[in-house]
Amino acid sequence: MQDQPRPVRPSVRTAVRVLLVGLLAMLIPASALFAAAQPSKPGITLQISPASQSVQQGKTADYILSVTSTGGFTGAVGLSVSGLPGGSSAVFSPPSVTLASGGTSTSAISVSTTSSTPAGSYTLTVTGTSGKINGSVTAGLTVNYQISGSFSLSATPASVTIAPGATAAYSISLTRTSFPGPVTLSVLGGLPSGSVSTFSPNPVTGGSSTLQITTAASATAGTYTLYLVGSGQDAAGKTQYAYASAQLVLDSSLRQFTLSGNLSGFLAPGTSLPLNLQISNPGTKPLSLTNISVSIAGVTRTADAISRSLPCGTADYTVTQYSGPYPFTVPSGNSSLSGLGIASSSWPRIGMIDAHTNQDGCKGATLQVTYSGSGQGN
């Protein structure tokens, strides 16, 4: 009788499996070690400090550039910059750096502007090159108009928080030093996408104006810095500039409330009337109001004034903003400044300038008045 093959016992099969697993465990780390042992390619990395600079026309912005060797790179690295605004130049000190393996060297960059360099925001690209090896880094540069000693600007409040799609308002104050001429206002930068800025009046012949920022419902929530500029010619015909900044915060969690109001009578040259603002809070909880503002968006003359070409515009009127305490609480529903116990002496006022040029043109005119504000709560 032939011998039957003997079956492999379970213990032997287990031993075989353990052996195979052990071999795989040995092979995997070996391959990983092989991959890790591959040398990285030589290269360089660049860093710059500060990340951005802001200077007036004719001034110099200074940066420090750091160049670091990677992957064992050694050698000289030439430095260059692109994206400079017109009328400016850059100097590296030193113009090239020499790196040891794993080492870091620095170079100082001086970007000089001139009085003709266009104001605005620019992105500079600094590049290091050594043969086929290169690296780059970007830095911001904002060039502002030269500051005037003849007048200055300020914005109140310093920050306004609104929901996207709402309108923010700031009071712009103009302080003059032997500068009687008109000053034109604009927003140089910082507006959220889709927003529109309006100054009223503009140009400014007095000491104040109102800035309204109408935002888009699709604007991205976040914090924005608005850069405001005023310009005007002095007695010698030279253009002078002044600057201010304000913060705008878009918070998509906020709900909008409504401000409205009407004058209690008719304006006459040299007089002003208070506005008892009405406030509608659609939320279910009280609202803590931190800013309200009034501005004149337009003037509609009578048909007679139009037919006779008699002038009348927003510059013929003045706005005195609310001067009461902040914040003040507005309950859910409809309220008014008087109903909240706020003295009429603190209410906003609209006045008409007493000038011979507007006596007839503004008679019977209708004002388009806009209101805006911000608050915290529901």
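Residues numbered from 1 in each chain as written. Predicted model: local features only at pLDDT ≥ 70, side-chain atom pairs only at ≥ 80, totals over all residues. Heavy atoms only, no water.

## Overview of the state of the cysteines
Counted only if it meets this: Note on terminology: pairs of cysteine sulfur atoms within 2.5 Å are recorded as disulfides. The helix and strand labels rest on DSSP assignments: H or I over at least four residues marks a helix, E over at least two residues marks a strand, and numbering proceeds from the N terminus.
The final tally for this structure, using the stated rule, is one disulfide. What pairs with cysteine 312 in a disulfide is cysteine 362, and their sulfur atoms sit 2.0 Å apart. In this structure, the disulfide formed by cysteine 312 and cysteine 362 twists by about 105° around the S-S bond and is classed as right-handed. Here the residue cysteine 312 occupies a position in the loop between helix H2 (303-307) and strand S22 (317-320), and cysteine 362 occupies one in the loop between strand S25 (349-352) and strand S26 (366-377), the gap between them amounting to 50 residues.

## Some points on the nonpolar core
To keep things clear, this is the line we draw: Residues belong to one nonpolar core when they are buried, are Ala, Val, Leu, Ile, Met, Phe, Trp, Tyr or Cys, and are joined through side-chain atoms within 4.5 Å. With a 1.4 Å probe rolled over the protein chains alone, any residue whose accessible area is under 20% of its type maximum counts as buried; one over 50% counts as exposed, and the rest are partly exposed. Working rule for contacts: check all heavy atoms of both residues, and any pair within 4.5 Å makes them a contact.
Ranked by size, the top nonpolar core spans 27 residues in total, and within it Tyr170, Ile172, Leu211, Leu228 and Leu248 carry the most contacts. Secondary structure elements with two or more residues in this core: strand S10 (151-156), strand S11 (159-162), strand S12 (167-176), strand S13 (184-189), strand S15 (208-214), strand S16 (222-233) and strand S17 (239-250). In terms of residues, this core owes the most to one element, S17, which gives five residues. The contacts of leucine 211, once residues within four sequence positions are left out, are Ala168, Ala169, Tyr170, Ile172, Val187, Ser197, Thr198, Phe199 and Leu228. Leu287, Ile296, Tyr317 and Tyr371 belong to the second-largest nonpolar core, a separate cluster that totals 24 residues.

## Comments concerning the packing of aromatic side chains
How two aromatic rings sit relative to each other is given by the distance of their centres and the angle of their planes. As a reminder, the rule being used: Any two rings among Phe, Tyr and Trp, with Trp reduced to its six-membered ring, count as a pair given centres within 6.5 Å; such a pair is stacked if its planes are under 30 degrees apart, edge-to-face if over 60, and tilted if neither.
All told, the structure shown has four aromatic pairs when counted by the stated rule. Their ring planes at 55° and their centres at 4.8 Å tell us that phenylalanine 151 and phenylalanine 179 sit as a pair that is tilted. Of this pair, phenylalanine 151 sits in strand S10 while phenylalanine 179 is found in the loop between S12 and S13, placing the two residues 28 residues apart along the sequence. Each of the two residues, phenylalanine 151 as well as phenylalanine 179, counts as buried. Taking 6.3 Å as the distance between ring centres and 20° as the angle between the ring planes, the aromatic pair formed by tyrosine 326 and phenylalanine 328 counts as stacked. On the basis of relative accessible area, tyrosine 326 is assigned to the partly exposed category, the value being 35%. Three or more aromatic residues link up through ring pairs in this structure, and these residues are Tyr322, Tyr326 and Phe328.

## Here we look at the sheet that holds strand S24 (residues 333-336)
Working definition: the strands of a sheet are paired by backbone hydrogen bonds and lie parallel or antiparallel to each other. Which entries qualify depends on this criterion: At least two bridges found by DSSP between two strands are what make those strands a pair. With axes taken as lines fitted to C-alpha atoms, and helix axes fitted only over the stretch in contact, angles between N-to-C directions fall between 0 and 180 degrees.
The antiparallel open sheet is built from three strands, whose spatial order is S18-S20-S24. Two strands in the sheet have a free side with no partner beyond their single neighbour: strand S18 (258-260) and S24. Going from strand to strand, the sheet's axes swing by 20° on average, the running direction of each strand aside. Two strands pair when backbone bridges link them, and S18 and strand S20 (residues 278-281) are joined in this way by three bridges, in the antiparallel orientation. For leucine 259, the partnering residue across the bridge sits in S20 and is isoleucine 279.

## A short note on the confidence of the model for the protein chain
Here is the rule we go by: On a range of 0 to 100, pLDDT expresses the predictor's confidence in each residue.
The share of residues in the protein chain with pLDDT of 70 or more is 88%, and the mean pLDDT across the chain is 84. Segment residues 10-28 is flagged for pLDDT under 50; beyond a separation of four residues in sequence, or across chains, it makes two contacts in the model. Counting interchain partners and residues more than four positions distant, the pLDDT-below-50 stretch residues 30-36 has zero contacts.

## Describing the side chain of serine 200
Following the sequence through the fold, serine 200 ends up in strand S14 (residues 196-200). Accessibility expressed as a relative area gives 12% for serine 200, which makes it buried. Non-local contacts of serine 200, meaning those with residues more than four positions away in its chain, are made with Ser209, Thr210, Ile296 and Thr314.

## Description of the sheet that holds S13
Reading across from one edge, S11-S17-S16-S13 is the order of the four strands in this open sheet, with mixed pairing throughout. Among the strands making up the open sheet, the edge pair consists of S11 and S13. Taking each pair of neighbouring strands and ignoring which way they run, the sheet shows an average axis angle of 30°. In terms of strand pairing, S16 meets S17 through twelve bridges, oriented antiparallel. Bridge pairing in S17 places glycine 230 opposite alanine 242.

## Focus: the side chain of glutamine 240
Take glutamine 240: it is sitting in strand S17. By relative accessible area, glutamine 240 is classed as buried at 13%.

## Re the pairing of S16
Each regular strand carries side chains that alternate between the two faces of the sheet. Sheet topology note: the S13/S16 ladder contains five bridges and is antiparallel. Its bridge partner lying in S16, leucine 185 is registered against glycine 230. Counting the residues between successive antiparallel strands, the hairpin from S16 to S17 contains five residues, one of them, glycine 237, with a positive phi of roughly 85°.

## Regarding unusual backbone geometry
Looking along the chain, the bond that leaves serine 200 and enters proline 201 is cis, with omega of 0°. Relative to the elements of secondary structure, proline 201 occurs in the loop between S14 and S15. In this model, asparagine 202 is joined to proline 203 through a cis peptide bond whose omega is 5°. Looking at the secondary structure, you find proline 203 in the loop between S14 and S15. For serine 309, which is not a glycine, the phi torsion comes out positive at approximately 55°. One can find serine 309 in the loop between H2 and S22.

## Focus on the pattern of salt bridges
Note the threshold: Whenever Lys or Arg places a side-chain nitrogen within 4 Å of a carboxyl oxygen from Asp or Glu, that contact is recorded as a salt bridge.
The full count for this structure, using the stated rule, is two salt bridges. Residues aspartate 304 and arginine 308 are paired through a salt bridge, measuring 3.0 Å at the closest nitrogen-oxygen approach. Owing to a relative accessible area of 42%, aspartate 304 belongs among the partly exposed residues under this scheme. A salt bridge links lysine 363 to aspartate 360; the nearest nitrogen and oxygen atoms lie 4.0 Å apart. Lysine 363 gets classed as exposed once you look at its relative accessible area, which sits at 56%. Taking relative accessible area as the criterion, aspartate 360 reaches 41% and is therefore assigned partly exposed.

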